[in-house]
Amino acid sequence: MSLRRFFVVLSVVAAQSVSVDLAADSLSDLVHGAEAVQVAGGFRFTEGPVSDSEGNLYFSDIPAHTIYKFSTEGRLSVHDPESGNSNGLRIDADGRLLACEHGGRRVSATDLETGESTTLIDQYQGAPLNSPNDLWIDPQGGIYFTDPRYGARDTVEQDGFHV
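Residues numbered from 1 in each chain as written. Predicted model: local features only at pLDDT ≥ 70, side-chain atom pairs only at ≥ 80, totals over all residues. Heavy atoms only, no water.

A. Region of interest: the sheet that holds strand β9 (residues 96-101). Spatially, the four strands line up as an open sheet ordered β8-β9-β10-β11, and their pairing is antiparallel. Strands at the two margins of the open sheet, each flanked by one partner only, are β8 (86-91) and β11 (117-121). Mean inter-strand twist for the sheet, computed between neighbouring axes without regard to direction, equals 25°. Note: strand β10 (residues 106-111) against β11, four bridges, orientation antiparallel. Within the sheet, the bridge partner assigned to T110 lies in β11 and is S117. (Pairing = 2+ DSSP bridges. Helix = DSSP H or I, 4+ residues; strand = E, 2+ residues; numbered from the N terminus. Axes fitted to C-alpha atoms, helices over the stretch in contact; angles between N-to-C directions.)

B. A look at the pattern of salt bridges. Applying the stated criterion across every chain, the model contains three salt bridges. The shortest N-O distance in the salt bridge between E73 and R75 comes to 3.5 Å. For E73, a relative accessible area of 54% corresponds to the exposed category. A relative accessible area of 53% means that R75 is categorised as exposed. (Salt bridge = Lys/Arg side-chain N within 4 Å of Asp/Glu carboxyl O. Buried < 20%, exposed > 50% of the residue type's maximum accessible area, 1.4 Å probe, protein only.)

C. Region of the structure containing the side chain of E101. Inspection of the secondary structure assignment puts E101 in strand β9. Judged by relative accessible area, E101 falls into the buried class, the value being 6%.

D. Local environment of the pairing of β9. With five of its six residues buried, β9 lies for the most part within the structure. As judged from the four bridges shared by β8 and β9, these two strands associate in the antiparallel manner. Across the sheet, the residue bridging to I91 is L97, located in β9. The hairpin formed by β8 and β9 contains four residues between the paired strands, and G95 there has a positive phi angle of roughly 80°. Relative to β10, β9 runs antiparallel, the two being bridged by six bridges. Its bridge partner being in β10, A99 is matched across the sheet by S108. Where β9 folds back onto β10 in an antiparallel hairpin, the turn is made up of four residues, including R105, whose phi is positive at roughly 50°.

Encoded structure:
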């Protein structure tokens, strides 16, 4: 029997620790033999975990404006120190890291080999996006994202909050 591991990244919000309380067999109910393992800590508010084709894990720490990479070798590094308060992350068919950026009010795509970042969308019907939050890529490559507003609402130029 092979042992599968689920990696749990814990966040620290303000001065309070956030903990995960799992029943002894709860992950095993989902995947036989699974166990939760904390691989890193000390973050403020983590979101958007996604893995690339090699199995490296990328995730955002929203208030730190940072995307981290946890490598298959077990090393944690900063992938993007200026992520625009990114939240939702996905890897597209071309292997680019797509990110919903609250602060940048855009959806970006970063080539994981070169580090070159491009804006996929930052406005709709001539107005800036609200705060792109989460995204999904359909099997044909279409990109869907949510666009609520975080922060001050006096800068909302869209006519609502949409997908």
